[in-house]
Amino acid sequence: MDKAGNKLTLPAFDFAVDKIEVIGHSKAASYPNADINIQVGGNAVSTAVAGLTSSHIFEIAPEYQAAGNTYDIVIGEGGGTYSS
C-alpha cells in the first residue's frame, strides 16, 4: 500500500458503518506524508489524513453508511514516497 492509488477493499458489512479505524505502524515512518482515505465506488466518504504511523478514525458520511457498502482504504495522490 505504498503507491498512490493502491487500495485495500474491505468485505461488505451486513450492518451500517459509521466509522472505520485504520491502525498505523511505526515501520511506516518512511512515508510521513502519505495520504489515506476511505472510498465507496471511487467516491471519498470521509476526510483524508496524512501519515501512516498513527492510527486514524474515519467518520463515514451519513449517505454512505448503509449495510452492504464495500469500503476501500485508498492511498491518495501523496503516495508512499511523497514528500513536500
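All values reported here derive from a predicted model rather than from experimental measurement.

### Considering the overall build of the protein
In step 1: When its secondary structure is counted, the protein shows zero helices and seven strands.
In step 2: For the protein, the N- to C-terminal ordering of α and β elements is β-β-β-β-β-β-β.
In step 3: Out of the 84 residues belonging to the protein, those deemed buried represent 35%.
In step 4: Taking contacts inside the protein between residues at least 6 apart in sequence as the whole, the part at least 24 apart equals 70%.
In step 5: Accessible surface computed for the protein: about 5000 Å², of which carbon and sulfur atoms make up 52%.

### Quick look at the side chain of Ser 46
In step 1: Mapped onto the fold, Ser 46 is located in the loop between strand E4 (43–44) and strand E5 (49–50).
In step 2: Apart from residues no more than four positions distant in its own chain, Ser 46 is found in contact with Asn 37, Ile 38, Phe 58 and Glu 59.

### Looking at the pattern of salt bridges
Side-chain pairs of opposite charge can arise whenever the charged atoms involved come near each other.
In step 1: Under the criterion given, the structure shown has one salt bridge.
In step 2: With a shortest N-O distance of 3.8 Å, Lys 7 and Asp 72 are connected by a salt bridge. Of this pair, Lys 7 sits in strand E1 (residues 7–9) while Asp 72 sits in strand E7 (residues 72–75), and the two are 65 residues apart along the sequence.
In step 3: According to the relative accessible area criterion, Asp 72 is buried, its value standing at 9%.

### A look at the nonpolar core
In step 1: Counting 15 residues, the largest nonpolar core has Ile 20, Val 22, Ile 36, Ile 38, Ile 60, Tyr 71 and Ile 73 as the members making the most contacts within it.
In step 2: If you list the elements that add at least two residues to this core, you get strand E2 (19–22), strand E3 (35–40) and E7.
In step 3: Sort the elements by how many residues they give to this core and E3 lands first, with three residues.
In step 4: Residues within four places of Ile 38 in sequence aside, it is in contact with Ile 20, Asn 43, Ala 44, Val 45, Ser 46, Phe 58, Ile 60, Tyr 71, Asp 72 and Ile 73.

What counts as what
Residues numbered from 1 in each chain as written. Predicted model: local features only at pLDDT ≥ 70, side-chain atom pairs only at ≥ 80, totals over all residues. Heavy atoms only, no water. Helix = DSSP H or I, 4+ residues; strand = E, 2+ residues; numbered from the N terminus. Buried < 20%, exposed > 50% of the residue type's maximum accessible area, 1.4 Å probe, protein only. Contact = heavy atoms within 4.5 Å. Areas by Shrake-Rupley, 256 points an atom, 1.4 Å probe, with all protein chains shown as cover. Salt bridge = Lys/Arg side-chain N within 4 Å of Asp/Glu carboxyl O. Core = buried A, V, L, I, M, F, W, Y, C linked by side-chain atoms within 4.5 Å.

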